[in-house]
Amino acid sequence: GENVEQHPSTLSVQEGDSAVIKCTYSDSASNYFPWYKQELGKGPQLIIDIRSNVGEKKDQRIAVTLNKTAKHFSLHITETQPEDSAVYFCAAANNAGNMLTFGGGTRLMVKP
Amino acid sequence: DSGVTQTPKHLITATGQRVTLRCSPRSGDLSVYWYQQSLDQGLQFLIQYYNGEERAKGNILERFSAQQFPDLHSELNLSSLELGDSALYFCASSVDPGARYGYTFGSGTRLTVV
């Protein structure tokens, strides 16, 4: 089955700096890669996703890149703000009707 | 509001007791997933239902069971509760049995076993 590794497990940045979270996956058939943000005491919320037919996707201050050859994808947050502090989860799935496989999560702390 | 409704939001119960957590999926979604999240841990998949049928099982204890009803709401039953069962329990839903369009999560039920 699919295995998703996520790094780092914790990340502390200064407000205004950029943050990068990286994930690797094992199943070369995976073609859908969402990212979820979980704020304290709340459920994970989808913030951005990418499919394997594109290499990069942007939405304001967040972007996701995908390298299918290396089987890794990354979340980039620019100009970080305190409200970006949360736990971020990456995930992967394929077209075979399989479920999402989640990474272990990254706790991002943005210091004012 | 994500459209996935979980009740209750908080639950405090004693060891050895039994509780039922309820989830109503987003309108139009046929698949329901249950996840357990212990303190500072990741999302541990428990079980999936699609259109009333069990579709996949994860690390779900024998003391736990679930079902999805004809109106598509789902219930997770936890029995003979232990202190270690204290956690956040999330329900998520999706339109298809897989993850082509991602999941929508509810806000969770925080279970505290004392």
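Below is a summary of the structure that appears in this document. Since the structure is predicted, the reported quantities are computational estimates derived from the model, not experimental observations.

Brief notes about the state of the cysteines
- Enumeration over the complete set of coordinates arrives at two disulfides over all chains.
- Across the disulfide from A:C23 sits A:C90; the S-S distance is 1.9 Å. Measuring handedness by torsion sign, the sulfur bridge of A:C23 and A:C90 sits at about -100 degrees and is left-handed. Residue A:C23 is found in strand β3 (residues 19-25), and its partner A:C90 is found in strand β9 (residues 86-94); the two are separated by 67 residues along the sequence. An identical accessibility class is assigned to A:C23 and A:C90; each is buried.
- Between B:C23 and B:C91 runs a disulfide, and the two sulfur atoms are separated by 1.8 Å.

With respect to the environment of A:L100
- Secondary-structure assignment places A:L100 in the loop between β9 and β10 (101-102).
- Residue class for A:L100 comes out buried when judged on its relative accessible area of 4%.
- C-alpha of A:L100 to C-alpha of A:H76: the two residues are 24 residues apart in sequence and 21 Å apart in space.
- In contact with A:L100, other than residues within four places in its own chain, are A:Y32, A:P34, A:Y36, A:A91, A:A92, A:A93, B:Y35, B:A99, B:G102 and B:Y103.

Comments concerning the interface of chain A and chain B
- The interface of chain A with chain B comprises 18 residues on the first partner and 21 residues on the second.
- In this assembly, chain A and chain B are joined by zero salt bridges.
- Going through the elements one at a time, β4 (30-38) and β9 of chain A are the ones with two or more residues in the side of chain A that touches chain B.
- No other element matches the three residues that β4(A) contributes to the side of chain A that touches chain B.

What about the packing of aromatic side chains?
- Applying the stated criterion across every chain, the model contains 14 aromatic pairs over all chains.
- Geometrically, the ring pair formed by A:W35 and A:F73 is edge-to-face, given 5.6 Å between the ring centres and 70 degrees between the ring planes. On the criterion of sequence distance, the pair formed by A:W35 in strand β4 and A:F73 in strand β8 (residues 72-77) is long-range, its members being 38 residues apart.
- When the ring of A:Y36 is compared with that of B:F105, the centres are 5.6 Å apart and the planes differ by 80 degrees; the resulting orientation is edge-to-face.

Some thoughts on the pairing of strand β2 (residues 10-14) of chain A
Residue and element names in this part refer to chain A.
- On β2, burial follows the alternation: L11 and V13 on one face are buried, whereas T10, S12 and Q14 on the facing-out side are not.
- Relative to strand β11 (residues 106-111), β2 runs parallel, the two sharing five bridges. When the sheet's bridge partners are listed, Q14 is paired in β11 with K111.

Reading the values: rules and limits
- Residues numbered from 1 in each chain as written.
- Chains lettered and ligands numbered in written order.
- Predicted model: local features only at pLDDT ≥ 70, side-chain atom pairs only at ≥ 80, totals over all residues.
- Heavy atoms only, no water.
- Disulfide = S-S within 2.5 Å.
- Helix = DSSP H or I, 4+ residues; strand = E, 2+ residues; numbered from the N terminus.
- Buried < 20%, exposed > 50% of the residue type's maximum accessible area, 1.4 Å probe, protein only.
- Contact = heavy atoms within 4.5 Å.
- Salt bridge = Lys/Arg side-chain N within 4 Å of Asp/Glu carboxyl O.
- Phe/Tyr/Trp six-rings, centres within 6.5 Å; stacked < 30°, edge-to-face > 60°.
- Pairing = 2+ DSSP bridges.

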